[in-house]
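Remarks on the overall topology
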Amino acid sequence: MSSSLKLYGLYDDDGILSDGARVLVGKGIKVNEVYSPFPIHGIERIVGVKWTRIAIAAFLYGLTGAVLSVVGLWYFMILDWPMDIGGKPNNYFVQNMAAFVPILFEFTVLCAAHGMALTYFIRNWTLPGVSAKNPHPRTTDDHFAIEIIPSDNSKFSKEDLEGILKETGTVEVFEK
Amino acid sequence: MEQFTFSSKLKRTTFILMGVGLIALVLGIANIFGSSDEHHHHLAVARLWSNVLINGFFFFGIALAATFFMAVQYVAEAGWAVVIKRILEALGAFMPVGAFFLILVFAAGTFHFHHLYHWMDPAVTDPESPLFDSIIAGKSGYLNLPFFWVRAILFLGVWIWFWKRFRTKSLEEDLGFDRKRHFANVRDAAIFLVFFGYSSSAASWDWIMSIDTHWYSTLFGWYTFSGIWLTGMVVTTLLALYLKKNGFLPQLNASHIHDLGKWVFGVSFLWAYLFFSQFMLIWYANIPEEVTYFIPRIEDYTYIYWGMFLVNFLFPMIALMDRDHKRNYGFLITIGIIVLIGHWLDTYMMIIPGTMQEHGTIGFIEIGLALGFLGLFSYVVLNALTKAPLVAKNHPFYQESIHHEIH
């Protein structure tokens, strides 16, 4: 039962946490997660967070928006109901391209931005009604926590892990 | 190395470039005196003076944009830019030289050595004359020689005066930090920016837009400004990379270069946005007095006009979108040089169709004079760079700047 519990080291300073994480990683311990009320500079490189793929997602959402708006504009303005606005002939999409650019641009941005925001919320599971997952309420205030999963670090016993955590300057080590 | 040394090899290169420029100048003058008939004589005159104006404005714009950018850093109390402040100051040093060439073009126009500024001809505003032009006469309340000269002298004078003031105070700061001096700089920069906001627009109407006297665009000032801002950022980046590559400016780190890359990327979007905004509204409304500006550019200079737009828009967008490319010297230098040529062509397109109609060409005179100005610009800027330590050590944000780190 206790093997499924996660181990937390609580710190009262982000600098001490960064140094502590460096020590842990240096000893070959895998740090699963870090909780902080604000972004800690450079922590992702210390604990080895994978580079985010949200940029690729953003590109795909933008591409979706661009394609949808091209198809939509072509259908509304060329095929279904050709309109003569300000004397511009519009039998062809290309001839009206300049007039369509603002809509293409806006719809691309709209899709990319909303897609990115929704992806972020779903990926982190921070949706309305979802309960908070922080191990200690003070990690949203003035404390910082390192999360270690003992079963990921089977080379070390749980007591060893606790001992190493305590040496890095934690204010508290607890299981949850 | 804290102090820049202008190597004799580099000095020789700038002199060779200036020599090419002189040959082009002599050739341009020979063209004027060697022309067979009056038509060719007029074209040769317009060609030479247009090119002096194009290059004078292009390189003056870089110097002005650098001073503008420095003022923005002061007002924003931005820390990161302290390590490139001396580069911006050195770029600003070209302003008096650039102003000399602009004044030369205006004076030559005033005394009718050339007719780039059609409205300067007294006959067009004289109702008795057969050349009377009621549209230009209607604008003569603003576009008249005395008021034009008052504005030109005022704008150039105030800009140069502010640059000198920033430079002097910056050099004084090397001797010891004074809080009062720093806040005086912030105040000066704020005053300069307010003045620059109005004067840069009015200057672009006077010096560039009035070539196509009948035409006007309310966006023209912004369009011109975004162009000089972009070239200013590109030259700042290229100079910073040159210094870093040659072992100067060790405080310049990858994050500063990344930020400069972001500026080049961002401002090229601003320029493309303004180009399109100006074009699309005129294209859509299709009013004869407005489309007269675009018709000769699109019909007589199709490839240069659309080519320079696509190059200036697509190259920085595609090549500098990736984070790692903004930190890559090869990408930044290649894109920088392409954008610099692209924006020289933009300046060319703002002036030549108005002064030479469909007869504009890009031959040895154009390229030679541009290289000559490049040589002169490089000489003045690099010479100014040797005059002071490369980093303003007593700037209050110096420590913040050398520890600048972004992802």
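Residues numbered from 1 in each chain as written. Chains lettered and ligands numbered in written order. Predicted model: local features only at pLDDT ≥ 70, side-chain atom pairs only at ≥ 80, totals over all residues. Heavy atoms only, no water.

1. Focus: the overall build of chain B
Put simply, the test is: Helix and strand definitions follow DSSP, with helices as H or I runs of at least four residues and strands as E runs of at least two, each counted in order from the N terminus. We compute the radius of gyration over the C-alpha atoms and compare it with the globule rule, which gives 2.2 Å times the number of residues raised to the power 0.38. Throughout, exposure labels follow a simple rule: accessible area from a 1.4 Å probe, protein chains only, divided by the maximum for the residue type, with under 20% read as buried, over 50% as exposed, and the rest as partly exposed. The contact criterion used throughout is that any non-hydrogen atoms of two residues lie within 4.5 Å. Just so you know, the count uses Lys and Arg for positive and Asp and Glu for negative, and it drops His and the chain ends. Each charge is placed at NZ for Lys, CZ for Arg, CG for Asp and CD for Glu.
From N to C terminus, chain B includes 15 helices and 0 strands. In terms of overall size, chain B behaves like a compact globule, its C-alpha atoms giving a radius of gyration of 22 Å where 407 residues would be expected to give roughly 22 Å. Summarising its shape, the C-alpha atoms of chain B cover approximately 70 × 45 × 40 Å along the three principal directions. Among the 407 residues that make up chain B, the fraction classed as buried is 56%. For chain B, long-range pairs separated by at least 24 residues make up 81% of all intrachain contacts whose partners lie at least 6 apart in sequence. If you average the places of the 25 positive and of the 28 negative side-chain charges in chain B, the two averages end up 16 Å apart.

2. Some remarks on the packing of aromatic side chains
Residues and elements named next belong to chain B. What counts, and what does not: Only Phe, Tyr and Trp rings take part, Trp by its six-membered ring, and two of them pair if their centres are within 6.5 Å. Stacked means planes under 30 degrees apart, edge-to-face means over 60, and tilted covers everything else. For a ring to carry a charge above it, either NZ of a lysine or CZ of an arginine must fall within 6 Å of the ring centroid while also lying within 35 degrees of the normal to the ring plane.
Going through the model one piece at a time under the given rule, you end up with 69 aromatic pairs over all chains. Plain terms: the ring middles of Phe106 and Trp149 are 6.3 Å apart, the flat faces sit at 80° to each other, and that makes the pair edge-to-face. Of this pair, Phe106 sits in helix H4 (residues 95-110) while Trp149 sits in helix H6 (residues 145-173), and the two are 43 residues apart along the sequence. Accessibility expressed as a relative area gives 0% for Phe106, which makes it buried. The ring of Tyr293 has Arg297 sitting right over it, with the charged end atom 3.6 Å from the ring centre. Directly above the ring of Phe265 sits Lys326, whose terminal nitrogen or CZ lies 5.2 Å from the centroid.

3. A short note on the confidence of the model for chain B
The test is simple: For every residue, the pLDDT score states the predictor's confidence, bounded by 0 at the bottom and 100 at the top.
In this model, chain B carries an average pLDDT of 93, and 100% of its residues clear a pLDDT of 70 or more. This complex was scored by the predictor with a pTM of 0.89 and an ipTM of 0.76.

4. Here's the deal with the side chain of Ser210 of chain B
Going by this rule: Within 3.5 Å is the distance limit for a polar contact, defined as a pair of N or O atoms, with the added protein rule that one can donate a hydrogen and the other accept it, and that residues adjacent in sequence qualify only through two side-chain atoms.
Mapped onto the fold, Ser210 of chain B is located in the loop between helix H7 (179-207) and helix H8 (220-245). Within the structure, the side chain of Ser210 of chain B is placed 2.9 Å from the side chain of Trp119 of chain B, a separation counted as a polar contact.

5. Considering the interface of chain B and chain A
Defined as follows: By buried area we mean how much accessible surface two parts lose on assembly, using a 1.4 Å probe and totalling the loss over both. Here a salt bridge means any side-chain nitrogen of Lys or Arg lying within 4 Å of a carboxyl oxygen belonging to Asp or Glu. Three residue categories are used. Nonpolar comprises Ala, Val, Leu, Ile, Met, Phe, Trp, Tyr, Cys and Pro, charged comprises Asp, Glu, Lys and Arg, and polar comprises the others, including Gly.
Facing 9 residues of chain B, the contacting portion of chain A comprises 14 residues. The contact between chain B and chain A buries some 1,000 Å² in all, and 64% of this surface belongs to carbon and sulfur atoms. Per-residue buried area on chain B facing chain A is highest for Trp283, Tyr284 and His407 of chain B; these three make up 56% of the total on that side. Remark: the boundary between chain B and chain A carries 1 salt bridge. Close ionic contact of Arg45 of chain A with Glu405 of chain B constitutes a salt bridge, the shortest N to O distance being 2.8 Å. Run the count over chain B and chain A and you get 2 residue pairs in polar contact (both at pLDDT 80 or more). Residues of the side of chain B that touches chain A, tallied by class, amount to 5 nonpolar, 2 polar and 2 charged.

6. A few points about the domain arrangement of chain A
This is how it is decided: Segment limits for the domains were obtained from an automatic or database-derived domain assignment.
Segmenting chain A into domains produces domain 1 (2-50 + 133-175) and domain 2 (54-124). Distance between the C-alpha centres of domain 1 of chain A and domain 2 of chain A: 45 Å.

7. A look at a positive patch on the surface
Residue and element names in this part refer to chain A. Cut-off, in case you're wondering: Exposure above 30% relative accessible area and no salt bridge define the residues that can form patches, which grow by joining like charges within 9 Å and nonpolar side chains of Val, Leu, Ile, Met, Phe, Trp and Tyr within 5 Å. Each accessible area is a Shrake-Rupley result for a 1.4 Å probe, and residues are judged covered by the shown protein chains and nothing else.
Taken together, the side chains of Lys6, Lys50, Arg53, Arg123 and Lys133 define a basic patch exposed on the protein surface. Looking at where Arg123 falls in the secondary structure, it is placed in helix H4 (residues 97-124). Judged by relative accessible area, which is 67%, Arg123 ranks as exposed.

8. Concerning the pairing of strand E1 (residues 7-11) of chain A
Residue and element names in this part refer to chain A. Filter applied, for reference: Here a strand pair is declared whenever DSSP counts at least two bridges between the two strands.
Most of E1 is tucked away, with 5 of its 5 residues classed as buried. Residue alternation in E1 divides its side chains into two sets, Leu7, Gly9 and Tyr11 and Tyr8 and Leu10, and both sets are buried. Bridge analysis of E1 against strand E4 (residues 172-175) gives 4 bridges, and the strand direction is antiparallel. In the sheet register, Leu10 faces E4, and the bridge partner there is Glu172.

9. Observations regarding unusual backbone geometry
Negative phi values dominate among residues other than glycine, just as trans dominates among peptide bonds. Despite not being glycine, Trp125 of chain A has its phi angle at roughly 50°, a positive value. Trp125 of chain A sits in the partly exposed class, given a relative accessible area of 48%. In this structure, His112 of chain B takes a positive phi of about 65° despite not being glycine. Within the secondary structure, His112 of chain B sits in the loop between H4 and helix H5 (134-139). Judged by its relative accessible area of 36%, His112 of chain B is partly exposed.

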